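Topology and contacts: notes
Each chain, written out:
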There are 2 protein chains.
Amino acid sequence: MTNQERRDGTRSRILASARERFTSGGFDATSVADICATSGVSKGAFYHHFPSKQAVFVALLERWIAELDESVRSAAARDEPVPRRLENLAGLVGQVSELGSGQIPMFLEFWRQAAKDPDIWRLTVDPYRRFREAFAALIQDGIEEGTLRPVDPDAAALVLVSTGIGLVLQGALNPAEAGRPDAGEQAVRMLLDGLAKEASDES
Amino acid sequence: MTNQERRDGTRSRILASARERFTSGGFDATSVADICATSGVSKGAFYHHFPSKQAVFVALLERWIAELDESVRSAAARDEPVPRRLENLAGLVGQVSELGSGQIPMFLEFWRQAAKDPDIWRLTVDPYRRFREAFAALIQDGIEEGTLRPVDPDAAALVLVSTGIGLVLQGALNPAEAGRPDAGEQAVRMLLDGLAKEASDES
DNA sequence: TTCTACAGACCGACCGGTCGGTTTCTATAA
DNA sequence: TTATAGAAACCGACCGGTCGGTCTGTAGAA
């Protein structure tokens, strides 16, 4: 086994164990010794690969953001009318909830750390802003192509993203009741169709 | 000073300090010694009033839930058409974000603890279910009184609550960009009016 | 006097991180 | 092909410090 292979193997075992332990117990409650025991790696090896426990957390966060970015980009870029593209993005909610049901408490952990650590905060907020801007641009497109009403794109993007986040979190905390796989589509459809029976058009 | 007065004063000072510390640092990172120092209470007094650090957390959670319950009940009960009542409830989002901007990280903390502690989980999920059921009932009313389309009330309630949660959390994490005070109203209006320009009525 | 509310020294467990030493790989020259 | 020197990966005992919680006392209310 070459050094490179050893290195990669150890590193990814640390990352995998850390994710598992952070997810089930949280950042603070997980000790470096925990991670080492779970991954079959010595403490020395751990600190050989990462300068601190926090660095592992950051590595996990960056990977997660990269994956999410990729999913969103590929779901939003199709050459279809905007409402269809919004529905595609909505499907992502179910996908994220399902596929990574184990990593969503992690997401909560990210958020909580962001609330108190400026570095993590930047790491979290920057991609999130990109995310919201992408939605706003998409809505702007929809307005220009005539398939959406002339709403404020920023406000609409905020609402859409909020709904997505809320759905994912609810699915994570309470899978039995709130974890409908079609929740995202339902939500977008409600937003597109409106909930009121007829006109309430005056502002 | 009577014993009762002393007792109440000490207890509420502990609670206040604990909330402040949990909010800014999180549950795990806050030590009992922190809380004692901040509140000017000795460790003996702390453990005289609460059997554990977790017990303080639970007391805080229960109080928070009671307050929220009360707010929702009073906002939803007015004798008005359902869409108006939904808008009232939406106003609550801004209110919660503003008034308790300091206690929302606490809410995140509640949620994270709930994800790993079954007792906290029950405490969190039960009132939350009531909450969602209240929304569903409200929507059912709206359908019957003819002001709302015949949507699935449970799904609609899920979407509404999700949006509210998402907005509050975004406002908490990123007040500068996402913390519009009128976000809740915007969202409800979008849901009521629909976003698409015209019919996309086929399912 | 008796009891409640509090005070604060103390305890064992545990934690993140360090460090001196060992093993395993790899490049190079004989 | 083999010998060797150095680098990289890894090991785990150890350290200073912190934490949640206990326990023995004391001052003032009842």
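We now turn to the structure provided with this report. Note that the coordinates shown come from a computational prediction; the quantities given were computed from them, not determined experimentally. (Residues numbered from 1 in each chain as written. Chains lettered and ligands numbered in written order. Predicted model: local features only at pLDDT ≥ 70, side-chain atom pairs only at ≥ 80, totals over all residues. Heavy atoms only, no water.)

Comments concerning the pattern of salt bridges
Residues and elements named next belong to chain B. Heads up, the rule is: Only one rule defines a salt bridge in this text: a Lys or Arg side-chain nitrogen within 4 Å of an Asp or Glu carboxyl oxygen. Secondary structure counts use DSSP, requiring at least four H or I residues in a row for a helix and at least two E residues in a row for a strand, with both numbered from the N terminus. Think of it in three bands: with a 1.4 Å probe and only protein chains considered, a residue is buried below 20% of the maximum accessible area for its type, exposed above 50%, and partly exposed in between.
Following the criterion strictly, the structure yields 14 salt bridges over all chains and no others. Note that Arg 112 is salt-bridged to Asp 28, the shortest N-O span being 3.4 Å. Residue Arg 112 is located in helix 6 (residues 104-114), and its partner Asp 28 is located in the loop between helix 1 (3-25) and helix 2 (32-39); the two are separated by 84 residues in the primary sequence. You can call Arg 112 buried: its relative accessible area is 5%.

Some thoughts on the interface of chain B and chain A
Formally: Note on definitions: a residue-residue contact is assigned when non-hydrogen atoms from the two residues lie within 4.5 Å. What counts as buried area is the accessible surface, traced by a 1.4 Å probe, that two parts surrender upon association, with contributions from both included. Residues adjacent in sequence count toward polar contacts only when both atoms are side-chain atoms; beyond that, a polar contact is any pair of N or O atoms within 3.5 Å, and within protein one must be able to donate a hydrogen and the other to accept it. Under the scheme applied here, ten amino acids are nonpolar (Ala, Val, Leu, Ile, Met, Phe, Trp, Tyr, Cys and Pro), four are charged (Asp, Glu, Lys and Arg), and all others, including Gly, are polar.
Counting residues at the interface gives 58 residues for chain B and 58 residues for chain A. Across the chain B to chain A interface the summed buried area is about 5,400 Å²; carbon plus sulfur atoms make up 60%. Here chain B is connected to chain A by two salt bridges. Between Glu109(A) and Arg112(B) there is a salt bridge whose closest N-O contact spans 2.6 Å. The interface formed by chain B and chain A holds nine residue pairs in polar contact (both at pLDDT 80 or more) in total. Where the side of chain B that touches chain A is concerned, the elements lending two or more residues are helix 1, helix 6, helix 7 (118-145), helix 8 (153-173), helix 9 (175-178) and helix 10 (183-193) of chain B. For the side of chain B that touches chain A, the element with the most residues is helix 8 of chain B, which contributes 14 residues. Grouping the amino acids of the side of chain B that touches chain A by side-chain chemistry returns 29 nonpolar, 15 polar and 14 charged.

Quick word on the protein's contact with DNA strand D
Where we set the bar: Residues are labelled near a given molecule or strand when at least one of their non-hydrogen atoms is within 4 Å of it.
The environment of DNA strand D is formed by 19 residues, the closest being Thr10(A), His49(A), Val32(B), Lys43(B) and Lys53(B). Take Ser42(A): an N or O atom from its side chain is 3.0 Å from a phosphate oxygen of DNA strand D. Ranked by residue count, the leading element in the surface near DNA strand D is helix 3 (residues 43-49) of chain A, at five residues. For the surface near DNA strand D, the class distribution of residues is four nonpolar, ten polar and five charged.

Structural notes on the relation of the copies chain B and chain A
Put simply, the rule reads: When the copies are superposed, the least-squares fit takes in the C-alpha atoms of residues with a pLDDT of at least 70 in both.
Once turned by 180° and shifted 0.0 Å along the axis, chain B lies on chain A with an RMSD of 0.1 Å. Classification of the inter-copy transformation places it as that of a two-fold axis. In this assembly the copies share their binding face: 100% of the residues contributing to the interface of chain B also contribute to that of chain A.

Structural notes on the protein's contact with DNA strand C
Lining the immediate surroundings of DNA strand C are 20 residues, of which Val32(A), Lys43(A), Lys53(A), Thr10(B) and His49(B) lie closest. When the atoms of DNA strand C within 4 Å of the protein are sorted by group, sugar and phosphate make up 70%. The separation between a phosphate oxygen of DNA strand C and a polar main-chain atom of Asn3(A) is 2.9 Å. Here Ser42(B) contributes a backbone N or O atom positioned 3.2 Å from a phosphate oxygen of DNA strand C. Secondary-structure elements contributing two or more residues to the surface near DNA strand C are helix 3 of chain A together with helix 1 and helix 3 (43-49) of chain B. Tallying contributions element by element places helix 3 of chain B first for the surface near DNA strand C, with five residues. Taken together, the residues that form the surface near DNA strand C break down as four nonpolar, eleven polar and five charged.

Read these as geometric descriptors, not functional statements.
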